[in-house]
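# Remarks on the overall topology
For reference, the chains in residue letters:
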Amino acid sequence: MDKQQAINVAEVLIEALPYIQRFSGKTIVIKYGGNAMVDDELKNSFARNIVLLKQVGINPVVVHGGGPQIGKLLEQLGKESQFVDGMRVTDTETMDVVQMVLGGLVNKEIVNLINQHGGRAIGLTGKDGAMIRATPMKMERHSPELNAPEIIDLGHVGEVSSIDPSVVHMLDGGDFIPVIAPIGVGENGCSYNINADLVAGKLAVVLGAEKLILLTNTPGLLSKEGQLLTGLDAQQVEDLISDGTIYGGMLPKINCALDAVRSGVRTSHIIDGRVEHAVLLELFTDTGVGTLIKG
């Protein structure tokens, strides 16, 4: 490394210092998904980012998805995936596969990667310690020919009814990094598959997190002209939904981010998980790599 490269490194560290000081001791909930979960370089980059956060005194809590991996195993087993408005219909047999993939294969791969890079990660599902209590999700479909909305039963697809953060607090206090699969448990002991964005948002609120970070396969929230939007408050986001700038698949993520900041999380971030070291760039640099939403 020549002198100029060394100076550049020092400048990066100096830029990061006030952010490290501000967030030390704070909890940051990160929803991990998209390309960052399938590309080997991005997977290792993410794991190193999480280890560094813990090393500088921040408490990262990782919530992960795994839809493509679930679909792949179901296909190998000869079971066809069915979706209603983007939600996977989850019968008992499918739920067994969901638990195998999310609670086993995917969860332990993330835990192993973080540990390989010097962290101390522990994998959980929402069933551990009865952390995530769930109720069945019922979808309503409205059609002109019906007087009342049609109620669609998605099987073992759930909504969060409550979260007990005791296990997460215990792990944070022991310098461990919680890695959580979004599986909840019902009153009768039944397992439920829950949207990972939703779990991350609710968990951020319950933990009193400083930030909620959602990794996506997009640069963030874009204007109609394709420009990245950031530094938005809740009302500005509402206006963008009303005028059609935010629509389709981005709506659930935006609503999750909005719900979090309205419920006490200081800021929500929708960032581009396809960028190497996206988490560090968003947290520790002046420019960031995505959309910041504040209350």
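Up top is the structure these notes are about.
The structure contained in this document is the topic of the report that follows. All values derive from a computational prediction rather than experimental measurement.

This paragraph deals with the sheet that holds strand E8 (residues 177-181). Read across the sheet, eight strands follow the order E5-E8-E2-E1-E11-E15-E16-E14 without closing on themselves; strand pairing throughout is mixed. Either end of the sheet is taken by a strand with one partner, and the two such strands are strand E5 (121-125) and strand E14 (232-233). When E5 meets E8, the two strands line up parallel, connected through five bridges. In the sheet register, Ala 121 faces E8, and the bridge partner there is Ile 177. Here helix H2 (residues 40-55) sits on the sheet and contacts strand E1 (27-32), strand E2 (59-64), E8 and strand E11 (211-216); the angle it forms with E2, its principal contact strand, is near 150°.

One can describe the packing of H2 onto helix H4 (residues 92-116) by two numbers: an axis separation of 8 Å at closest approach and a directional angle of 65°. Seen from above, H2 lies across H4 with right-handed handedness. Judged by residue contacts, Lys 43, Asn 44, Ala 47, Ile 50 and Val 51 of H2 engage Glu 109, Leu 113 and Ile 114 from H4. Here the contact of H2 with H4 is composed, by residue class, of five nonpolar, one polar and two charged.

A few words now on the pattern of salt bridges. Going through the model one piece at a time under the given rule, you end up with ten salt bridges. Among the ionic pairs, Glu 276 bridges to Arg 48, the shortest N-O distance being 4.0 Å. Residue Glu 276 is found in the loop between strand E15 (267-272) and helix H9 (278-284), and its partner Arg 48 is found in helix H2; the two are separated by 228 residues along the sequence. A relative accessible area of 37% places Glu 276 in the partly exposed class. The closest approach of N and O atoms between Asp 197 and Lys 253, which form a salt bridge, is 2.7 Å. Here Asp 197, found in helix H6 (residues 196-206), pairs with Lys 253, found in helix H8 (residues 250-262); they are 56 residues apart in sequence, far enough to count as distant. When its relative accessible area of 8% is taken as the criterion, Asp 197 is described as buried. Among the ionic contacts, a cluster of salt bridges with common partners joins Lys 31, Asp 197 and Lys 253.

What counts and how
- Residues numbered from 1 in each chain as written.
- Predicted model: local features only at pLDDT ≥ 70, side-chain atom pairs only at ≥ 80, totals over all residues.
- Heavy atoms only, no water.
- Pairing = 2+ DSSP bridges.
- Helix = DSSP H or I, 4+ residues; strand = E, 2+ residues; numbered from the N terminus.
- Contact = heavy atoms within 4.5 Å.
- Axes fitted to C-alpha atoms, helices over the stretch in contact; angles between N-to-C directions.
- Left-handed = near helix turned anticlockwise from the far one by under 90°.
- Nonpolar A, V, L, I, M, F, W, Y, C, P; charged D, E, K, R; others polar.
- Salt bridge = Lys/Arg side-chain N within 4 Å of Asp/Glu carboxyl O.
- Buried < 20%, exposed > 50% of the residue type's maximum accessible area, 1.4 Å probe, protein only.

That's the geometry; what it means functionally is another story.
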